[in-house]
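Topology and contacts: notes
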Amino acid sequence: MKVTVLQRVHVSNTASKDFAPLNVEFVVKRDLCIGCGVCEAVCPHSAIKMVYNYARGTYQPSISKEACSKCQLCLKVCPGYYLHAVHISGRAESELRKTLRNIRGVYIGYSRDSKLRFLASSGGIVTAVLLNALRRGYVDGVLVTHYFGGATPFAKGVLARTEKDVMLSMGSKYMPSLLGRALRELRPGGKYIVVGLPCHLYAIKKFIEIRREFRKSIFYFVGLFCGGLPNINGTLRLVRNYVKNSDKIIITELRHRGLGWPGYLYTVANKKKIILPYMEYSQKLFPSFQHNACQYCILGFNPFADISVGDAWLPEFITKERKGISIVLLRSSQGAKLLEFTSDVLNLQDAGIGALWKSQRGLIYKLEAIVDRVLLSFFTRYKTPSFG
């Protein structure tokens, strides 16, 4: 049997072999948790509670050993555990190829609403789709994320049923999002659109598989491209550079993208407005503060979505485009329906697969380099997830 690089790293770098994966404590100890909280929602015994880890700037599950029945449902929905399984089995390369097989179409486009296009991230495609679906009654609600401020700002999932709630979700949120409470608001037989990062959609799809009462519900999955999810400490570090008395920061407003393209970070911290160009602050945020698991993730193009959306970083747009423009991947028949009934609110043009490669070279480089990154981490003793 051929031994892959990742398997060789595993054999050489395996820690204690007597730690059986009984629940998501296994994932936390291997630094593969991304703080989504779907494990908390799926636990039938309420044995899991998401708690904030100040040092890491993210939420992590805390497990009650007395309440845990070791049913392993939390592991079944966990994207970190999926990542562990893929790497330990040497399937990373084949799984990566799978993520690119179900692409049925590639489009370049933006919202026809010029105001929405300017205010939202990357041309307003996602927000336009959600608003249109609600207005026409195609869905009962959309699962999105809202920002919540304070000394420790965070994002959490909400089930938006009004246009106002959708508008509040507009703009990127470069921090972990807690999704558990929103999942508990879903109703069997309901019609929903779910928006999320690749790890979020993986977890939510697994959640729906386990919760059989939702299997007859209609879901559309709208995915976002992702090259890595920063923790909350990254945003706090950025803000401290511009606020006096930075030992105590209270953030009341925050958006990481929007106001044109590629956009601006807009925040109000200690009553002071701060606006930073994306190209200026992103280099300080990525990858220094991203979750450790993100360095080994192969899901960047969001293969679990019906349509997935990202920035159209094409040469002809980077120097001239200022309002916002996206690249859209059609991945399923459900996605085709979604684009069909929103065609009057979007301006989409067929672009071909070459546009994807040209516009996402950074993400493609990251995906190609994952095996090398794991090997380098082992030899340099840089902190890396233990795939054992």
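Here the structure is shown first, and the text comes after it.
Topic: the overall build of the chain
- When helices and strands are tallied, the chain shows 18 helices and 14 strands.
- Relative to the globule expectation of 21 Å for 388 residues, the C-alpha radius of gyration of the chain, 20 Å, shows essentially globular dimensions.
- Accessible surface for the chain amounts to roughly 17,900 Å². Of this, 53% is attributable to carbon and sulfur atoms.
- Separation between the mean location of the 55 positive side-chain charges and that of the 26 negative ones in the chain comes to 3 Å.

Quick word on the sheet that holds strand β10 (residues 264-269)
- Within the open sheet, the three strands sit side by side as β9-β10-β11. Their pairing is antiparallel. Only two strands of the sheet have a single partner each, and these edge strands are β9 (251-255) and β11 (272-277). When strand polarity is set aside, the average angle formed by the axes of neighbouring strands in this sheet is 10°.
- Across four bridges, the pairing between β9 and β10 is antiparallel. The partner of E253 across the bridge, within β10, is V268.
- The strands touched by helix α13 (residues 278-285) are β10 and β11; relative to β11, the strand with the most contacts, the crossing angle is about 90°.

Let's talk about the pairing of β11
- Where β10 and β11 come together, six bridges link them in antiparallel fashion. Residue pairing across strands places A269 opposite K272, the latter belonging to β11.
- Connecting the antiparallel pair β10 and β11 is a turn made up of two residues, with N270 showing a positive phi of about 50°.

Quick word on the environment of G260
- Relative to the helices and strands, G260 is located in the loop between β9 and β10.
- Judged by its relative accessible area of 3%, G260 falls in the buried class.
- In this structure, the C-alpha to C-alpha distance between G260 and A41, residues 219 residues apart in sequence, is 36 Å.
- Setting aside residues up to four positions removed in sequence, G260 forms contacts with F118, A120, R322 and K323.

Quick look at empty space enclosed by the protein
- Going through the model one piece at a time under the given rule, you end up with four cavities of 30 Å³ or more.
- One number sums up the size of the largest cavity: a volume of about 200 Å³.
- I34, C199, A293, C294 and C297 are the residues nearest the centre of the largest cavity, which is lined by 18 residues in total.
- Of all the secondary-structure elements, those providing two or more residues to the lining of the largest cavity are α5 (79-88) and α11 (198-210).
- Sorting elements by how many residues they give to the lining of the largest cavity places α5 first, with four residues.

Comments concerning the pattern of salt bridges
- A complete count under the given rule lists eleven salt bridges for this structure.
- With its nearest N and O atoms 3.6 Å apart, the salt bridge here joins K29 to E25. One end of the pair, K29, and the other, E25, are both in helix α2 (residues 25-29), four residues apart, so they sit about a helical turn from each other.
- In this structure E25 comes out as partly exposed when scored by relative accessible area, which is 25%.
- A salt bridge links D31 to R56, with the nearest nitrogen and oxygen atoms 3.3 Å apart. Placement of the pair is D31 in the loop between α2 and α3 (38-42) and R56 in the loop between β1 (48-53) and β2 (58-63), with a sequence separation of 25 residues.
- When salt bridges that share partners are traced, they join R91, E95 and K98 into one network.

Digging into the packing of aromatic side chains
- Counted by the stated rule, this structure contains 17 aromatic pairs.
- Centre to centre, the rings of F26 and Y81 are 5.7 Å apart; their planes meet at 75°, and the pair counts as edge-to-face. A residue pair is termed long-range when its members are at least 10 positions apart, and F26 in helix α2 and Y81 in helix α5 qualify at 55 residues.
- Judged by its relative accessible area of 23%, Y81 is partly exposed.
- The interplanar angle of 85° and the centroid separation of 5.9 Å between the aromatic rings of Y220 and F341 together place this pair among those described as edge-to-face. On the criterion of sequence distance, the pair formed by Y220 in strand β8 (residues 218-224) and F341 in the loop between α15 (333-340) and β14 (346-350) is long-range, its members being 121 residues apart.
- Three or more aromatic residues link up through ring pairs in this structure, and these residues are Y52, Y54, Y59, F148 and F154.

Criteria and cut-off values
Residues numbered from 1 in each chain as written. Predicted model: local features only at pLDDT ≥ 70, side-chain atom pairs only at ≥ 80, totals over all residues. Heavy atoms only, no water. Helix = DSSP H or I, 4+ residues; strand = E, 2+ residues; numbered from the N terminus. Rg over C-alpha atoms; globule rule 2.2 N^0.38 Å. Areas by Shrake-Rupley, 256 points an atom, 1.4 Å probe, with all protein chains shown as cover. Lys, Arg positive; Asp, Glu negative; His and termini not counted. Charge placed at Lys NZ, Arg CZ, Asp CG, Glu CD. Pairing = 2+ DSSP bridges. Axes fitted to C-alpha atoms, helices over the stretch in contact; angles between N-to-C directions. Contact = heavy atoms within 4.5 Å. Buried < 20%, exposed > 50% of the residue type's maximum accessible area, 1.4 Å probe, protein only. 1 Å grid on protein atoms, 1.4 Å probe; cavity = no way out; pocket = protein on both sides within 12 Å on 5 of 7 lines; lining within 4 Å. Points joined across faces, edges and corners; volume = space filled by probe spheres on them. Salt bridge = Lys/Arg side-chain N within 4 Å of Asp/Glu carboxyl O. Phe/Tyr/Trp six-rings, centres within 6.5 Å; stacked < 30°, edge-to-face > 60°.

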